[in-house]
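One-letter residues, chain by chain:
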Amino acid sequence: MRLTLKIWRQAGPDVAGDFVTYQVDDVSGDMSFLEMLDVLNEQLNSEGKEPIAFDSDCREGICGMCGLMISGLAHGPEVTTTCQLHMRSFSDGDTITVEPWRADAFPIIRDLIVDRSAFDRIIQAGGFITVNTGAAPEAHSVPVPKANADRAFDSAKCIGCGACVAACPNASAMLFLGAKITHLGEVPQGQPERDSRVVKMVAQHDHEGFGGCTNIGECSAACPKEIPQDVISTLNKDLRTALRHGY
Amino acid sequence: MATTTSPATRPTARSTTIALKMVMAVTGAIFALFVLAHMYGNLKLLWGEEAYNDYAHHLRTIGEPMLPYAGLLWVLRIVLLVSLVAHLWAAFTLWGRAERARSHKYAVKKRVRQSLSSRWMRWGGVFIFVFLVWHLIEFTIVRVDVSGKPVPDNPFQLVVDSFQVWWLTLIYVVAMLALYMHLAHGVFSLNQTLGWTNTKGTYARAKVLGHVVAAVVVVGFLIPPLAVLFRLVK
């Protein structure tokens, strides 16, 4: 198929960017979106032009590095990451607008690459448990009820790709926060630091310049790992509990 | 690439966005309870002039002689006024924060899951506030009879005179549609913000609750003005 791509080009963090239109022919439906961009970059290289900068790493939907706003949808029209998005989701003759995640907390580095270190700083603020590492502990020493283990696991599926922030009209990272808080809060190991964790992580979230949640649900719709809205309720409940405990 | 550090200063639960959202939620819950009670009181209009005026009078004599005349009414007014200030302050603070969080907008952005109600929370809220100011001027602070007749000293008569004017009833119908949308998302949202929707079931039930509360309030509020407009109450 033949596609028209309107891609955001920006040479660096502090220079103005703009859309540039490209034509890509012979796109196979079996290609991933990133492979299609690879083809375009080959084309640009052969013409002696600067290739388009975009992030990618594992290309199997588990690392969270790739993330593009594709015609107004974070990670495009499938419920997956950009690297796992098939070109068969598009039709011959389509015009696709490709933008980087737009959030002031995710500054643009170049073209489609944004700096998601804000997420790392949120994790550093409290997204961990304090334990002695080394030999694996006996798995049965701290039993975890199945329902809690399942919810912790489902929340731990978050890969920190930032699609929730990208899709949110307020550029809020509450789904990311909710996933991390629920993941650690559902298991016994997460209890000792539960109150201080939520306060530190939310304070860092606000400090980074993310917006507040308005419970609209766009984040869950965009999430490639289908993290549900109820983790945000758990986040809110944990903060309410911390408030009551005087944190 | 090494992660640059940028610590937040003195984190406290009180200074977070979520605490601000909780202010919205609690004050919103006060308003939801208030409109339910207000709607119930308005329905007295259907029982005629005496029932309605007695109700208006009783609002001022509740608790007498333990409380002074209109004592409880003033307590409620102060609670509502403080809630209103807090609700608006939190709303505009969060609105500003959200605007700053994405100073560069998308060229193309599709809506996937958001409801009409949720999308109109902010501007709908502003509209409801403007309506509220007019509503208070009309029936409490100044008392205006839009039919052009001299303002009666009788609450029932003022309501009947007013809603016999079609355009005034129309303003109220539009305001009630705005209130429906605000309550439908607001009541759901306050449950989520207060952390009561931690499972798929409770989350789904909170959404239904939002629409049920909104429907009860709005239908209840619309019955008296429409009854007056269609001359079922004179």
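Residues numbered from 1 in each chain as written. Chains lettered and ligands numbered in written order. Predicted model: local features only at pLDDT ≥ 70, side-chain atom pairs only at ≥ 80, totals over all residues.

Chain A goes by succinate dehydrogenase in an unreviewed UniProt entry, where it is assigned to Nostocoides japonicum T1-X7. Recorded in UniProt under Sequence similarities (unreviewed entry), the annotation for chain A is "Belongs to the succinate dehydrogenase/fumarate reductase iron-sulfur protein family." (UniProt positions renumbered as here; feature names shortened; annotations may be inferred.)

## A look at the overall build of chain B
In terms of regular secondary structure, chain B is built from eight helices and zero strands. Reading the helices (α) and strands (β) of chain B from amino to carboxyl end gives α-α-α-α-α-α-α-α. Over its C-alpha atoms, taken along the principal directions, chain B stretches across nearly 75 × 45 × 35 Å. Every one of the 234 residues in chain B was classed for burial, and the buried ones make up 30%. (Helix = DSSP H or I, 4+ residues; strand = E, 2+ residues; numbered from the N terminus. Buried ≥ 20, exposed ≤ 12 C-beta atoms within 10 Å, placed from the backbone.)

## So, the overall build of chain A
Each helix and strand counted, chain A has eight helices and seven strands in total. Sorting the 247 residues of chain A into buried and exposed places 50% on the buried side. The long-range fraction of contacts in chain A, counting pairs at least 24 apart against all pairs at least 6 apart in sequence, stands at 70%. (Contact = placed C-beta atoms within 7 Å.)

## Regarding the domain arrangement of chain A
Size of an interface: often given as the accessible area lost when the parts come together. Residue and element names in this part refer to chain A. Looking at chain A, the domain boundaries give domain 1 (3–109) and domain 2 (116–244). The distance between the C-alpha centroids of domain 1 and domain 2 comes to 28 Å. Contact residues are listed per partner, giving 17 residues for domain 1 and 17 residues for domain 2. In terms of residue class, the side of domain 1 that touches domain 2 is built from nine nonpolar, six polar and two charged. (Domains from an automatic or database assignment. Nonpolar A, V, L, I, M, F, W, Y, C, P; charged D, E, K, R; others polar.)

## Focus: the packing of helix α6 (residues 155–163) of chain B against helix α8 (residues 200–229) of chain B
All names here are of chain B. The contact between α6 and α8 brings their axes to 8 Å, and the two run at 70°. By the angle between their axes, α6 is roughly perpendicular relative to α8. Once α6 is placed against α8, the crossing between them reads as right-handed. In this structure, α6 contributes Val159, Val160 and Phe163 to the contact, and α8 contributes Pro225, Val228 and Leu229. Split by residue class, the contact of α6 with α8 holds six nonpolar, no polar and no charged. (Axes fitted to C-alpha atoms, helices over the stretch in contact; angles between N-to-C directions. Parallel < 35°, antiparallel > 145°, perpendicular 65-115°, else oblique. Left-handed = near helix turned anticlockwise from the far one by under 90°.)

## Quick notes on the sheet that holds strand β3 (residues 69–70) of chain A
Taken in spatial order, the five strands of this open sheet run β2-β1-β5-β3-β4 (chain A), and their pairing is mixed. Each end of this open sheet is capped by a strand with a single partner; those strands are β2 (18–24) and β4 (73–74) of chain A. (Pairing = 2+ DSSP bridges.)

## Brief notes about helix α5 (residues 121–141) of chain B
Along α5 of chain B, the residues that are buried comprise Met121, Gly124 and Gly125 of chain B. Just downstream of α5 of chain B lies arginine 143 of chain B, where phi reads positive at about 70°.

## Overview of the interface of chain B and chain A
On the side of chain A, 49 residues touch chain B, which itself brings 47 residues to the contact. If you list the elements that add at least two residues to the side of chain B that touches chain A, you get α1 (17–42), α3 (71–101), α7 (166–193) and α8 of chain B. In terms of residue count, the dominant contributor to the side of chain B that touches chain A is α1 of chain B (six residues). When grouped by side-chain class, the residues that make up the side of chain B that touches chain A number 19 nonpolar, 18 polar and ten charged.

## Let's talk about the environment of phenylalanine 153 of chain A
Mapped onto the elements, phenylalanine 153 of chain A comes out in helix α3 (residues 146–156). A sequence separation of 43 residues divides phenylalanine 153 of chain A from serine 196 of chain A, and the C-alpha atoms of the two residues are 22 Å apart.

## Here's the deal with the packing of α3 of chain A against helix α5 (residues 174–185) of chain A
Residues and elements named next belong to chain A. With their axes 8 Å apart at the nearest point, α3 and α5 run at an angle of 145° to one another. When the axes of α3 and α5 are compared, the crossing they make is left-handed. Two secondary-structure elements touch here, α3 through Arg151, Ala152, Ser155 and Ala156 and α5 through Ala179, Thr182 and His183. Taken together, the residues that form the contact of α3 with α5 break down as three nonpolar, three polar and one charged.

## Some words on the pairing of strand β1 (residues 3–9) of chain A
On a regular strand, one side chain projects to one face of the sheet and the next to the other, so that they alternate. All names here are of chain A. Here seven bridges tie β1 to β2, and the two strands are oriented antiparallel to one another. Bridge assignment links lysine 6 to a residue of β2, and that residue is threonine 21. One ladder, built from four bridges, connects β1 with strand β5 (residues 95–99); its direction is parallel. Residue pairing across strands places threonine 4 opposite threonine 95, the latter belonging to β5.

## A short note on the environment of leucine 132 of chain B
Inspection of the secondary structure puts leucine 132 of chain B in helix α5. For the pair formed by leucine 132 of chain B and alanine 70 of chain B, sequence separation is 62 residues and the distance between their alpha carbons is 21 Å.

## Considering the nonpolar core
Of all hydrophobic cores here, the largest spans 110 residues; its most connected members are Cys164, Val165 and Leu175 of chain A. Considering every element that reaches this core, the biggest residue donor is α7 of chain B, with twelve residues. Not counting chain neighbours up to four residues away, the residues in contact with cysteine 164 of chain A comprise Ala173, Leu175, Phe176, Cys219, Ala222 and Cys223 of chain A. (Core = buried A, V, L, I, M, F, W, Y, C linked by C-beta atoms within 7 Å.)

## Things to note about the environment of methionine 66 of chain B
Its location among the elements puts methionine 66 of chain B in the loop between α2 (49–61) and α3. Separated by 57 residues in the primary sequence, methionine 66 of chain B and tryptophan 123 of chain B place their C-alpha atoms 43 Å from one another.

## Thoughts on unusual backbone geometry
Here the bond from glutamate 64 of chain B into proline 65 of chain B is cis, since omega is 5°, no more than 30 degrees from zero. Of note, proline 65 of chain B is situated in the loop between α2 and α3. The phi torsion at aspartate 26 of chain A lies on the positive side, around 55°, for a residue other than glycine. With respect to the secondary-structure elements, aspartate 26 of chain A resides in the loop between β2 and α1 (33–46). Exposure remark for aspartate 26 of chain A: the 9 C-beta atoms within 10 Å place this residue in the exposed category.

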